[in-house]
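Each chain, written out:
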Amino acid sequence: MKNLKLTKGLVALSSAALIAAFTVAVPTVARAADDCQETTILSGIKVVDIEKCTGTDGNKSKYEIIMPAKFNGTLMVYSHGIRYNVNLPAIPVVSPKGSLVNYAAEVAPSEEVAAALLAQGFALAGAGVQTQGWNLEEGVESALQVLTIARDKYSKINKVVTWGNSLGGLTSQALAEQYSGAVDAALPMCIADSAQAEITMAGDFLWGMKTLFNPAIKGTNYSAGQAGYVEMLTDLGTVLTTLQTLQANIAANPTAPAWPSTTTAPAALQALPVRSVVLLLGLMAGIPTQSNTYDASSGPAGASETTFGLVLSPALAVLENGAEAAILAVIANYDMEVRYGGVVFDNSTTNYAARVAEELDQFAAPLTGRSNATAVLGYLSLMPRVKANAAAVAKMNSVYQLQGKIEVPTIVLSATADNITPAGAAQYLKNQYEASVANGASKSGKLLTIWNKPNDSYTTFSAAGAPIAPTVKTNGTGHCNYTTSQILAVAKLVASAAKTGKIPTTTAVKAAIKNEPNLFVDPNFAPPLLKFRQ
Amino acid sequence: MIRNKSMKRATLASAIVATSAMVLSIVPAHANSTGVTATTIKLGVSTPLTGSAGLVYGKVPGAMRAYFDYINANGGVNGRKISLVIRDDKYLPTLAATQTTNLILKDKVFALVGALGTATHSKAYTAAALAKNNVPDLFINTGFSGFTNKAKYPTTFMVLPTYNMEAKVMAKVIKDNFPGQATFLIAQDDEFGADGVAGFTTAGHKFTASPTLYPQGTMTAARAEGALATLGAIPGKPVLVLFGTTDVTATILKAAEKLELTKKFTFLAGSVGADANTLLALGVKSTTVDGIVSASFMPDAKDLTDPYVKQFVDINTKYNKGITFDNYVLAGMNSAMLTVQALRAAGKNLTRAGLMSAIEAKGSTFASAGLVPLGYSATSRVGYNGYWVSQLNAKGEGKPYGGKLVIYTTDSGAGAVEVSNFVRPTMPKNGIPTNS
């Protein structure tokens, strides 16, 4: 293999199969020379001397390696989350100033985290993958390459941790499973489920919006070339307009909000408060019922306190969460259709009624009764569905799928109300791992999942009783919304695991998160899997 | 939802949420004696304490705690004192899930007792991983027949009969006592009402018209008046079955008063919606309450000739000061007494698995205030498995319909409704169980 030395970790690969797989994965294009500079950064008030190296790897992915002068021996290789694979003009909410595809290297979830880790002596590395969008394969390759480049350059690297956010979390886990000899520990954060599972969640919500609220939404099957790009941009605008209409209608009359005028649903269905239908769509798709603003419990002081918490808050949470899911669905669907050569979302056989059978009881009140929800589901069962392109789906699923075959200590961090990569994705990995242990493919004791939960209640209200959107995103909600101290606490644990080869003890974990009241560990906590997996 | 109690509605107000710090603990996977020490047993309950739901149901946990205090003052259970951690869920499913999780992970209780509500507890059960944690989930206050599914709720023990069973008994009451009359059903549009509708269907009862189903919290006076005005034109004295919460029963009865239709119907109110005290408090006239037929499994809390009621009243006076004794206090103390017997039956070497096994093996013989038998066994997690039929008088007292106590038993399936000769176990001396 060219341009790649077998480093210490890689030498540890013991099976021929693994080595073969590794060989296949590594590109053979020569990389450009490093550009290294000695400089300093600030972590709080601490000045940290570092050497920062940038370059491009064999696939022309930009990379960055930062080595602190006081190195503790551990390199943390970061994989970033999904980025848009298309340039976007100025679009409210989505890209207010417009955006170009971002290929910049990223070494940590934030500059603050990076600075803190460097101050602790960790070396950091990461890439800006040469292909954006759903780039799991390319992401694994780029992470592997920057890892190797770093080890080539710095022989003093003893341990390597692979970590990442969202799709990057999936990337880091895929890397650890496929090339366990290359890393000593893994830290997937807000880990994404597979492309198919994720696009099913977002796609279900988008399909529901199209079917019930605005048939002008295209959602899938974008045309080839420039025409498809324009269709996608048009869809973003249509989806945003529809979401804004829903929001305005609910704000105007929370008890019995009207449907958007664009709906073609039967009049009988439109007699239902549209908020109940929004909630139903969220339940169908698996969108969390707690969001940044809405905790599904609190209400303004006074007569409507419980009513708000019970009836309105879950629906508003779904709307807040679902907005991001729907926008992502448009862009991701477009990206995946281009990438895989056809429609990948498929709900042609989905039984939405079966999916929400239990939730109908738990949310009967905000759904305005079981019968009404059943009527909406009945209507949806008769509506045209989306049939995927089998070849495109096969191509999508031909990339590595997590096996749960965990050989290095792995710590997963996942939020219970993450609206893009729900906690069920982490649970799926846990289930796979347990199955792998049960069938003898993995050893036990290699996986620890740390959950991040919002406070018991957190919605606040103005004196007039209006909910107030928090200025700081509510921890435990939103996508990959961890605090710096949470990330550092977990990073410390995974670094320890890399050194010992073992998951830290219960006592050590307790100590590490004792000042993080929103983190908890419960081996038996089992959030629902993504709907695609149920 | 507790029988003979009111309100299961969206509009119930509430109050304070304990915004406590989040769970930080790590529970050993197989720690089956969590919450038990040499001298203590820690139990927990998530239930509404504040808001309108709290006003109605809020007495239940306090009554349980009062009974436990009484037992503690008399030596506890096998030398252990019982403590009860009470968390307010405001009758909100999401908050119930949070609070139940807190009970397990933060408070580290040994078992749950008396959780209340179907939507709340079904969500909480999953969220708090009660099955995986093997946490005994004792004597839940809901009649949703789904909780009888041992495979899905392996640690749950009901105390109430199911709504399905109640509907079957009601169907028999109609058949035996009101032949030839038109019958109508107004029911809540959720698992509660659906369970009832299913029970009537199983019993073979056909209503004169399709059931009127209303979403929780939407039965307004205008809607009730509209429904009654239509039914008022039906010849004869139709039987109107009200399968909802007490606030809705009150709304419908007040609509009948306004339309001067109170004597037009025979009102057959489900146990959830027939608490006389609440009906009167909500402004229903005593003359309207007089004559309402209902189903129950407990004695009337006003019946001081009942030895269980009398004993619990005495305990309430001393250990629950300032709280008026009523059906809710009776229910809470009764569940607490069942809990004490379960703990005793589990023996000194108390484990979660042992506690559940003890109820399966001996629970059907536990002393309790219920006038119908308990149905616990290795295959059944149903509590009371039947009803007696009562008729309210103008004082709000429930007396046996027809002047004689008749006990009906049945199941949540296709089993028949049968008359039982069940004889209730004697109240333990001083209300202190001595079973083993």
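**Some remarks on the overall build of chain A**
Helix and strand counts for chain A stand at 17 helices and 12 strands. Whereas a compact globule of 534 residues would reach a radius of gyration of roughly 24 Å, chain A reaches 24 Å, a difference of no more than 12%. Taken over the C-alpha atoms alone, chain A extends approximately 70 × 50 × 50 Å along its principal axes. For chain A, the proportion of its 534 residues judged to be buried stands at 57%. Of all intrachain contacts in chain A linking residues separated by at least 6 positions in sequence, the fraction that spans at least 24 positions is 74%.

**A closer look at the sheet that holds strand β4 (residues 74–79) of chain A**
All names here are of chain A. Sheet architecture is open: 10 strands sit in the order β1-β2-β3-β5-β4-β6-β7-β8-β9-β12, paired in mixed fashion. Bordering the open sheet on either side are β1 (35–43) and β12 (519–520), each of which pairs with just one other strand. As judged from the four bridges shared by β4 and strand β5 (residues 123–128), these two strands associate in the parallel manner. Bridge assignment links V77 to a residue of β5, and that residue is A125. Strands in contact with helix α4 (residues 136–153) are β2 (46–56), β3 (62–68), β4, β5 and β6 (159–165); relative to β5, the strand with the most contacts, it is inclined by about 140 degrees.

**A few points about the domain arrangement of chain A**
All names here are of chain A. According to the domain assignment, chain A consists of domain 1 (8–85 + 96–194 + 401–533) and domain 2 (196–394). Taken over C-alpha atoms, the centre of domain 1 sits 31 Å from the centre of domain 2. At the interface, 28 residues of domain 1 touch 31 residues of domain 2. Per-class residue counts for the side of domain 1 that touches domain 2 are 14 nonpolar, 10 polar and four charged.

**Some remarks on the domain arrangement of chain B**
Residues and elements named next belong to chain B. Domain parsing of chain B yields domain 1 (40–160 + 304–385) and domain 2 (163–298 + 388–420). When each unit is reduced to the centre of its C-alpha atoms, the spacing between domain 1 and domain 2 is 28 Å. In this assembly, 18 residues from domain 1 lie in contact with 18 residues from domain 2. Ranked by residue count, the leading element in the side of domain 1 that touches domain 2 is helix α12 (residues 327–346), at three residues. Looking at the side of domain 1 that touches domain 2 residue by residue, the classes come out as nine nonpolar, eight polar and one charged.

**Things to note about the pairing of β1(A)**
Each regular strand displays side chains that alternate between the two surfaces of the sheet. Residues and elements named next belong to chain A. Counting buried positions along β1 gives zero out of nine residues, so the element sits mostly on the surface. For β1 and β2, the ladder comprises nine bridges, and the chain directions are antiparallel. By the bridge assignment for β2, I41 is matched with V48. Counted along the chain from β1 to the antiparallel partner β2, the turn is two residues long, and its residue G44 has a positive phi close to 65 degrees.

**A word on the packing of helix α6 (residues 195–212) of chain A against helix α9 (residues 274–285) of chain A**
Residues and elements named next belong to chain A. In contact at an axis separation of 8 Å, α6 and α9 are set at 150 degrees when each is read in the N-to-C sense. Judged on the interaxial angle alone, α9 and α6 are roughly antiparallel. Once α6 is placed against α9, the crossing between them reads as right-handed. Facing M201, D204, F205, G208, M209 and L212 of α6, the residues of α9 in contact are V277, L281, G282, M284 and A285. When its residues are assigned to classes, the contact of α6 with α9 shows eight nonpolar, two polar and one charged.

**Regarding unusual backbone geometry**
All names here are of chain A. With a phi close to 70 degrees, K60 is a non-glycine residue in the positive phi region. Inspection of the secondary structure assignment puts K60 in the loop between β2 and β3. In this structure K60 comes out as partly exposed when scored by C-beta crowding, with 14 C-beta atoms within 10 Å. The backbone of C190 shows a phi angle near 40 degrees, a positive value even though the residue is not glycine. Tracing the backbone shows C190 in the loop between β7 (185–189) and α6.

**Things to note about the confidence of the model for chain B**
Residues and elements named next belong to chain B. Taken as a whole, chain B shows an average pLDDT of 91; of its residues, 93% reach a score of 70 or greater. Note on residues 1–31: pLDDT under 50 across the span, and 126 contacts to partners over four residues away in sequence or across chains. We note a pTM of 0.89 for the whole complex and an ipTM of 0.85 for its interfaces.

**Details of α12(B)**
Residue and element names in this part refer to chain B. Between the first and last C-alpha of α12 there are 29 Å, a value that for 20 residues agrees with the 28 Å anticipated at 1.5 Å per step. Counted residue by residue, α12 has 20 buried out of 20 residues, so it is predominantly covered. A positive backbone phi angle near 90 degrees is found at G347, which sits one or two residues after α12.

**Topic: the packing of α6(A) against helix α10 (residues 305–340) of chain A**
Residues and elements named next belong to chain A. Orientation of α6 relative to α10, taken along the N-to-C sense of each, is 115 degrees, at an axis distance of 8 Å. Note that α6 runs across α10; the crossing there is left-handed. Of the residues in α10, those in contact with A195, I199, M201, A202, G203, F205, L206 and M209 of α6 are G322, A325, A326, L328, A329, V330, A332, N333 and M336. Within the contact of α6 with α10, the residues separate by chemical class into 14 nonpolar, three polar and no charged.

**Details of helix α3 (residues 111–119) of chain A**
Taken residue by residue, α3(A) has A:V113, A:A114, A:A115, A:A116, A:L117 and A:L118 as its buried positions. Buried residues along α3(A) sit in contact with β1, β2, β3, β4, β5 and α16 (484–500) of chain A.

Cut-offs used in this document
Residues numbered from 1 in each chain as written. Chains lettered and ligands numbered in written order. Predicted model: local features only at pLDDT ≥ 70, side-chain atom pairs only at ≥ 80, totals over all residues. Helix = DSSP H or I, 4+ residues; strand = E, 2+ residues; numbered from the N terminus. Rg over C-alpha atoms; globule rule 2.2 N^0.38 Å. Buried ≥ 20, exposed ≤ 12 C-beta atoms within 10 Å, placed from the backbone. Contact = placed C-beta atoms within 7 Å. Pairing = 2+ DSSP bridges. Axes fitted to C-alpha atoms, helices over the stretch in contact; angles between N-to-C directions. Domains from an automatic or database assignment. Nonpolar A, V, L, I, M, F, W, Y, C, P; charged D, E, K, R; others polar. Parallel < 35°, antiparallel > 145°, perpendicular 65-115°, else oblique. Left-handed = near helix turned anticlockwise from the far one by under 90°. pLDDT = per-residue confidence, 0-100. Expected span 1.5 Å × (residues − 1).

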